[in-house]
Amino acid sequence: MVHTPGLKVPLVDLGDGTALLTDHYELTMLQAALREGTAGRRAVFEVFARSLPNGRRYGVVAGTGRLLDAIERFTFDAAQLEFLTAHGVVDQPTAEWLEKYRFTGNVWGYPEGECYFPDSPILVVEGTFAEAVLLETVALSILNHDCAIASAASRMVQAAAGRPLIEMGSRRTHERAAVSAARAAYIAGFATTSNLEAGRRYGVPTAGTAAHAFTLLHDSERHAFKAQLASLGESTTLLVDTYDVERAVRTAVELAGPALGAVRIDSGDLGVMARRVRELLDSLGATDTRIVVTGDLDEYGIASLGTAPVNGYGVGTSLVTGSGAPTASLVYKLVARADGPEPDAPMRPVAKRSAGKPTRGGRKAAVRRVDAHGTATCELITTGEPTPGPRDRLLHVPLIKDGEVVGREPLADARERHARALRELPPTAVQLSRGQPAIPTEFVDGGVRPLE
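Residues numbered from 1 in each chain as written. Predicted model: local features only at pLDDT ≥ 70, side-chain atom pairs only at ≥ 80, totals over all residues. Heavy atoms only, no water.

**Student:** Explain the nonpolar core here, please?
**Tutor:** Proteins that are soluble and globular tend to have nonpolar side chains buried together. L165, F190, V293, I302, Y313 and L319 are the most contacted members of the largest nonpolar core, which has 64 residues in total. A per-element tally of this core places helix α6 (residues 136–160) first, with 8 residues. Residue contacts for I302: discarding those within four places in its chain leaves M156, A159, A160, L165, L297, Y313 and V315. With 52 residues, the next largest nonpolar core counts L81, Y116, I122 and A130 among its residues. (Core = buried A, V, L, I, M, F, W, Y, C linked by side-chain atoms within 4.5 Å. Buried < 20%, exposed > 50% of the residue type's maximum accessible area, 1.4 Å probe, protein only. Helix = DSSP H or I, 4+ residues; strand = E, 2+ residues; numbered from the N terminus. Contact = heavy atoms within 4.5 Å.)

The structure is reproduced here in structure tokens:
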């Protein structure tokens, strides 16, 4: 592309619509299906992961609430349709069909906060082929991102062993991804976020005090601390590693007194520094002053600080990049379709046989089976309707019925669900070492076998 100096390009108002958050080929498939008369066939798509990333033991479902909002806003306005026709993406008959598009089908899925495993059908979309295929890209873009973040966040929460974590990765990712990352991290157990839009939009508690720039703004560290204490009170957190940590801690306690809320360490050997700072704080009478550590932490770094006198952690880059797994590798696959366009036409299972990427045909149901102690033993997936036994838990819940969203819930419910789901898994689930999924996935074809 040639850049012309001084050329003014008008800003495009993307609005709240989500219909163009999709891939070109979704619309070319739609156009072809409309032309040949197969667009109206009933179809079932499922979202699942063939494996968990990096040998992890479980994944975490997140992003479902955002996806429901996106599906509601998945409509085509005049400007979008003009773009599609002007650029030859769709022909006029397809544009006329898109003008009236509203998803009128049904969606079921694992609720947010639930754990999942390889081949878990975490989302089931049923409608006409035309309606359902258009949702593929937006569904995967939301779920792949949010599930990856929540899965990494959950590992960090387990590594922290009850110590609170603050999500502070906004400066390390796309500005909109930062908001959804904060939401996903909160579902997985993070206590707060630094991102104010996540607080406004989703009610995630926010926190933050000052950076090194505030200290450097002043003639001395003492002046910076005085200004922060005057504004935020003695319960604030003072950043003590801009110059000399020991001198900063002494100055902080001198100015705030023993009621100083916390000090933050952002560099160096965090374990060694935390021990030295704890000893110094205690010697100065600030026995209740907490120590918060930040600085390129991930779940392994957090776990290594388990015996250090640390009261909380701030995590940024590693969290918003999924700690090495920035996508959950979820796919959206057609698993069943009607033999004809009639509403009562029988459904036929369909599956890929591609080398390395096979799928299992048929609409699935999923059950979490537990033992007498309430510990999960397997993920049971059936192509028929299961009859759950006393130790079986159905995993799918209705999310959209006949085009109407029915599955919205408060974010706190998803957060509580995740805590319950983790308690249900065997102890090996929270190990950070690479290994097999915490429970196996088992398939039952036809669903005729009752679940005892």
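**Student:** I'm lost on the pattern of salt bridges in this one. Help?
**Tutor:** Side chains bearing opposite charge may pair, as long as their charged atoms lie close to each other. Tallying each qualifying case throughout the model produces 23 salt bridges. Notably, a salt bridge pairs E197 with R200, separated by 2.5 Å at the nearest N-O pair. Remark: R200 and E197 occur in helix α8 (residues 196–202); sequence separation between them is 3 residues, near one turn of the helix. Given a relative accessible area of 24%, E197 falls into the partly exposed group. Taking relative accessible area as the criterion, R200 reaches 63% and is therefore assigned exposed. Among the ionic pairs, E385 bridges to R363, the shortest N-O distance being 4.0 Å. Here E385, found in the loop between β15 (376–382) and β16 (392–394), pairs with R363, found in the loop between β13 (347–349) and β14 (365–370); they are 22 residues apart in sequence, far enough to count as distant. (Salt bridge = Lys/Arg side-chain N within 4 Å of Asp/Glu carboxyl O.)

**Student:** In this structure, what is going on with the sheet that holds strand β11 (residues 312–315)? I would like to understand it.
**Tutor:** Pairing in this open sheet of 6 strands is parallel, and the strands run β7-β6-β11-β10-β9-β8 from one edge to the other. Only two strands of the sheet have a single neighbouring strand rather than two, namely β7 (192–193) and β8 (237–239). (Pairing = 2+ DSSP bridges.)

What is shown is where atoms sit, not what they do.
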